[in-house]
Amino acid sequence: QVQLVESGGGLVQPGGSLRLSCVVPGSRFERTVMGWYRQVPGRTRELVADISRDSIAQYAESVKGRFTISRDNAKNMLYLQMNSLKPEDTAVYYCNAVSMLYPWGQGTMVTVSS
């Protein structure tokens with residue numbers, strides 16, 4: 001029973017930055033394309049960034065140029081550096097394989113507000 005654990009969220013003013021982290025237990029991590037997702041209540045969870053096992057990254061248009069996804073395969077860690085945050089970035093952020101290999105964790109809340 002794998003449990004993904006996201007952390008690093010919080011309250012930040014527009015234009016601020018946060019760095020999210022995700023611990024991914026197990027031996028499959030290094031072979032898995034990982035992503036960061038976000039969800040606002042009442043809306044569908046959306047993929048905002050993903051990264052291959054070789055650290056090739058892709059981003060949703062809404063975050064491109066502001067967010068950077070990275071991974072450390074040796075530590076089974078996934079990261080999301082979030083810069084120039086906007087109120088519309090407010091959401092609960094989750095990590096997971098793009099294949100939905102793992103059960104969803106509880107996520108970490110990011111609130112961008114002045």
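Structure: above.
Figured I'd write up the structure that's included with this text. Bear in mind that the values here come from a model prediction, so they are computed numbers and not experimental data.

**As for the packing of aromatic side chains**
Okay, so step 1: Using the criterion set out here, one finds two aromatic pairs in the structure.
Okay, so step 2: Ring geometry for Tyr37 and Trp104: centres 5.1 Å apart, planes at 90°, overall edge-to-face. Note that Tyr37 is positioned in strand 4 (residues 34-39) and Trp104 in the loop between strand 9 (91-97) and strand 10 (108-112), a separation of 67 residues in sequence.
Okay, so step 3: Under the relative-accessibility criterion, Trp104 is labelled partly exposed at 31%.
Okay, so step 4: Arranged with centres 5.9 Å apart and planes meeting at 75°, the rings of Tyr94 and Trp104 form a pair that is edge-to-face. Taken as a pair, Tyr94 in strand 9 and Trp104 in the loop between strand 9 and strand 10 lie far apart in primary sequence, ten residues in all.

**Focus on a nonpolar patch on the surface**
Okay, so step 1: On the surface, a cluster of nonpolar side chains totalling about 190 Å² of accessible area is made up of Val33, Leu47 and Val98.
Okay, so step 2: Checked against the element boundaries, Val33 lands in the loop between strand 3 (18-23) and strand 4.

**Some words on the environment of Gln3**
Okay, so step 1: Locating Gln3 in the fold gives a position in the segment before strand 1 (5-7).
Okay, so step 2: Spatially, the C-alpha atoms of Gln3 and Pro25 are 7.1 Å apart, while their sequence positions differ by 22 residues.
Okay, so step 3: Residues contacting Gln3, with those up to four places away along its chain left out, are Val23 and Pro25.

**Considering the state of the cysteines**
Okay, so step 1: Under the defined criterion, the tally for this structure stands at one disulfide.
Okay, so step 2: The disulfide partner of Cys22 is Cys95, and the gap between their sulfur atoms is 1.7 Å. Between Cys22 and Cys95, the disulfide has an S-S torsion of 40° and is therefore right-handed. Here Cys22 is found in strand 3, whereas its partner Cys95 is found in strand 9, with 73 residues between them in sequence. Taken as a pair, Cys22 and Cys95 share a single burial class, namely buried.

**Examining the environment of Asn96**
Okay, so step 1: Within the secondary structure layout, Asn96 lies in strand 9.
Okay, so step 2: Measuring from C-alpha to C-alpha, the distance between Asn96 and Ile56 comes to 16 Å, with 40 residues separating the pair along the chain.
Okay, so step 3: Each residue touching Asn96, except ones within four places of it in the same chain, is listed here: Leu4, Met34, Gly35, Tyr37, Leu101, Tyr102, Pro103 and Trp104.
Okay, so step 4: Among the polar contacts made by the side chain of Asn96, one reaches the main-chain carbonyl oxygen of Tyr102 at a distance of 2.9 Å.

About the criteria used
- Residues numbered from 1 in each chain as written.
- Predicted model: local features only at pLDDT ≥ 70, side-chain atom pairs only at ≥ 80, totals over all residues.
- Heavy atoms only, no water.
- Phe/Tyr/Trp six-rings, centres within 6.5 Å; stacked < 30°, edge-to-face > 60°.
- Helix = DSSP H or I, 4+ residues; strand = E, 2+ residues; numbered from the N terminus.
- Buried < 20%, exposed > 50% of the residue type's maximum accessible area, 1.4 Å probe, protein only.
- Patch = residues over 30% accessible without salt bridge, like charges linked within 9 Å, V, L, I, M, F, W, Y side chains within 5 Å.
- Areas by Shrake-Rupley, 256 points an atom, 1.4 Å probe, with all protein chains shown as cover.
- Salt bridge = Lys/Arg side-chain N within 4 Å of Asp/Glu carboxyl O.
- Contact = heavy atoms within 4.5 Å.
- Disulfide = S-S within 2.5 Å.
- Polar contact = N/O pair within 3.5 Å; in protein donor to acceptor, adjacent residues only side chain to side chain.

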